[in-house]
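# Residue-level structural notes
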Amino acid sequence: MSDLSVRVTQAFQERFAAPPTFVVQAPGRVNLIGEHTDYNDGFVLPMAINRAVWIALQPRADREVHIHSLDFAETAVFALDQLLKETDHWIEYVKGVAWALQADGFQLQGWEGVMAANIPQGAGLSSSAALEMATARAFTAVTGQLWDAPRMALLGQKAENAWVGVNCGIMDQMISAAGQAGHALLIDCRTLNTKPAPLPPGTAVIVLDTNTRRGLVDSAYNERRAQCEEAAKFFGVPSLRDVSITDFLASEDGLTPLIHRRARHVITENIRVLNAISAMQNGDPHLLGTLMNESHVSLRDDFAVSSHELNVMAELAQAQPGCYGARMTGGGFGGCAVALVAAETAVTFAQAMTQAYQQATDLTPVVYLCQPSAGASVISTL
Ligand code: GLA
């Protein structure tokens, strides 16, 4: 049992003088490769990490939800029959999921519980998708519904888009809903079919938080999405997923230089993801690392979503002994880089990176050694 699972269970016991009926968890994620491809109906290759949102809960007889957050030291309450959007608050993610599930025809029931998480917020490790999927797990556990990962991921995305008001693709919810222990997951963001892929033997995944956060990320994200749509329109297809590299090279002259670069990133990134999955299946860390390095260059130069600190982090990581490859990960402009390293060098790599990044930027990074973990799950305790 994880530490947090014990913590929420004990806190529940103290609060309700009984053991919880269920303990649910949903993990954060790091994306190995396939960035800004999800909203182009393309391919992504994220893995769920060993950091998650945990909720210990029991059903209520009425239609209210009461959650106590140990992290925020506060309790939030809402009624399923009176869902009202309020200000920026963590409970809006929970309400948003309740709203999306009910709008999709789910008959929900109230519950009460205690929640805690160890996913850093705003770092690009999908703490919000994890909260959405933990919530969906809680609701489905209470009513005894089976877990349909793609459906739940889509409803979580709907909650985030339409209730919380953040325009994101499907990757984060999908990996949190469907991750598999010991594996990354190839996700086809058009069909939501998935294929697990093991890390190459003897490798470790390290997340390197630059400790920088940028404003206006949402507007830059929406602008990139619009540019991709414009490119797809030029090619006369529903999304850039449908443009082969051959078609692209044959008619690239007709695109403006900016749209050309954006489209080139997405089209080549999809190819890199498919090559990455073969590299993983063949246990080839060198090829996987090279593809990660290429992805970084493409995100930096063609898609223009990197930042000075992300570039410094990725380049310093690539130069360390035992590192196969490194790149910025997630939406960009700040947040984290991800590195694939030889497992036996992981600890020295982490130490060396902390020093090197600090020296180069005067910022203190946060380094996470991540285990590929299972997606959202429920543990029945009674
Ligand atoms: C954010 C979004 C994802 C995805 C990535 C970029 O994390 O939430 O849906 O678009 O950016 O790959």
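Turning to the site of the ligand, a few remarks are in order. Taken together, R29, E35, H36, D38, Y39, C168, G169, M171, D172, Y221 and G331 make up the full set of residues adjacent to the ligand. Contact between the ligand and R29: an oxygen atom at 3.1 Å from a side-chain N or O atom of the residue. At 2.7 Å, a backbone N or O of H36 approaches an oxygen atom of the ligand. Look at the ligand: alone it shows 310 Å² of surface, and the protein chains cover 91% of it. Considered class by class, the residues forming the shell around the ligand number four nonpolar, three polar and four charged.

Examined against the element boundaries, E132 turns out to sit in helix α3 (residues 127-143). R29 provides the closest opposite charge to the buried, salt-bridge-free E132, at an N-O distance of 11 Å.

To continue, consider the nonpolar core. For soluble globular proteins, the rule of thumb is that nonpolar side chains tend to be buried together. Formed by 81 residues in total, the largest nonpolar core has its most connected members in L45 and W111. Excluding its chain neighbours within four sequence positions, the residues that come into contact with L45 are N31, L32, I33, A184, L185, L186, V273, A276, I277 and M280. Ranked by size, the runner-up nonpolar core spans 22 residues in total, among them C228, A263, L310 and F333.

What follows covers the sheet that holds strand β10 (residues 336-342). Spatially, four strands are ordered β9-β10-β8-β11 in an open sheet, and the strand pairing comes out antiparallel. Of all strands in the sheet, those with a lone pairing partner are β9 (323-328) and β11 (366-370), marking the two edges. Within this sheet the neighbouring strands show an average axis-to-axis angle of 20°, counted without direction. Along the sheet face, helix α9 (residues 285-302) touches β8 (203-209), β9 and β10 and points at about 25° away from the line of β9. Helix α11 (residues 346-361) rests against β8, β9, β10 and β11 of the sheet, and its axis sits at about 20° to β8.

Turning to the layout of surface pockets, a few remarks are in order. By volume, the second largest pocket amounts to about 190 Å³. Contributing to the lining of the second largest pocket are 14 residues, with S2, N50, R51, A52 and W54 lying nearest its centre. At the level of secondary structure, the elements contributing two or more residues to the lining of the second largest pocket comprise α1 (3-16), β1 (22-33) and β2 (43-59). Residue composition of the lining of the second largest pocket, grouped by class: six nonpolar, six polar and two charged.

Most of β2 is tucked away: 14 of the 17 residues are buried. By the bridge criterion, ten bridges tie β1 to β2 in an arrangement that is antiparallel. Within β2, the residue paired with V23 across the bridge is A56. As paired strands, β2 and strand β6 (residues 183-188) are joined by two bridges and run antiparallel to one another. When the sheet's bridge partners are listed, V44 is paired in β6 with I187. Bridge count between β2 and strand β5 (residues 111-117): seven bridges; the pairing is antiparallel.

Each value, and the rule that gives it
- Residues numbered from 1 in each chain as written.
- Predicted model: local features only at pLDDT ≥ 70, side-chain atom pairs only at ≥ 80, totals over all residues.
- Heavy atoms only, no water.
- Near = heavy atom within 4 Å.
- Polar contact = N/O pair within 3.5 Å; in protein donor to acceptor, adjacent residues only side chain to side chain.
- Areas by Shrake-Rupley, 256 points an atom, 1.4 Å probe, with all protein chains shown as cover.
- Nonpolar A, V, L, I, M, F, W, Y, C, P; charged D, E, K, R; others polar.
- Helix = DSSP H or I, 4+ residues; strand = E, 2+ residues; numbered from the N terminus.
- Buried < 20%, exposed > 50% of the residue type's maximum accessible area, 1.4 Å probe, protein only.
- Lys, Arg positive; Asp, Glu negative; His and termini not counted.
- Salt bridge = Lys/Arg side-chain N within 4 Å of Asp/Glu carboxyl O.
- Core = buried A, V, L, I, M, F, W, Y, C linked by side-chain atoms within 4.5 Å.
- Contact = heavy atoms within 4.5 Å.
- Pairing = 2+ DSSP bridges.
- Axes fitted to C-alpha atoms, helices over the stretch in contact; angles between N-to-C directions.
- 1 Å grid on protein atoms, 1.4 Å probe; cavity = no way out; pocket = protein on both sides within 12 Å on 5 of 7 lines; lining within 4 Å.
- Points joined across faces, edges and corners; volume = space filled by probe spheres on them.

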